[in-house]
Amino acid sequence: MDLDALRFGDFSQLGQAITDREQMAKKLATLETFYEKGTAELGAAYGSYLKENPRMDVPSDRADWTQDIKNAYDTGSGQGDTRGRPAYKD
């Protein structure tokens, strides 16, 4: 439903707008559940790795591992420079 319809009192599209919003809310809830499960699985995988890795008892090794994970996922200010750009082609 667009703003002009509201401004001029044309509420013929209101029912469809409500239905669309309800459907969108259901889709977002499904996505949220998907991401929560993925996050839990990733956390469990890292947890088991850390628990079984004898080097994680050394604080400096644990800090290095944390930095390596951050670098592997390309988190940080440099990420915004390349996000959304097409892949390099000759």
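Fair warning: this is a prediction, and the values are worked out from it, not measured in the lab.

Within the chain, the regular secondary structure consists of 4 helices and 0 strands. When the helices and strands of the chain are read in sequence order from the N terminus, they spell out α-α-α-α. In the structure as shown, the chain presents an accessible area of about 8,100 Å², 56% of it carried by carbon and sulfur atoms.

The next thing to look at is the confidence of the model for the chain. It should be kept in mind that the predicted coordinates are not to be read in detail where pLDDT is low. Overall, the predicted model of the chain reaches an average pLDDT of 77, with 82% of residues at or above 70. Highest mean pLDDT in the chain belongs to helix H2 (residues 14-52) (84); lowest belongs to helix H4 (residues 79-82) (63).

With respect to the helices and strands, Asp61 occurs in helix H3 (residues 59-72). Ignoring any residue separated from it by four or fewer positions in sequence, one finds Asp61 in contact with Arg55 and Met56.

Taken together, the side chains of Leu3, Leu6, Phe11, Leu14 and Ile18 present a nonpolar region at the surface, about 490 Å² in accessible area. Counting through the fold element by element, Ile18 comes out in helix H2.

Definitions and cut-offs
- Residues numbered from 1 in each chain as written.
- Predicted model: local features only at pLDDT ≥ 70, side-chain atom pairs only at ≥ 80, totals over all residues.
- Heavy atoms only, no water.
- Helix = DSSP H or I, 4+ residues; strand = E, 2+ residues; numbered from the N terminus.
- Areas by Shrake-Rupley, 256 points an atom, 1.4 Å probe, with all protein chains shown as cover.
- pLDDT = per-residue confidence, 0-100.
- Contact = heavy atoms within 4.5 Å.
- Patch = residues over 30% accessible without salt bridge, like charges linked within 9 Å, V, L, I, M, F, W, Y side chains within 5 Å.
- Salt bridge = Lys/Arg side-chain N within 4 Å of Asp/Glu carboxyl O.

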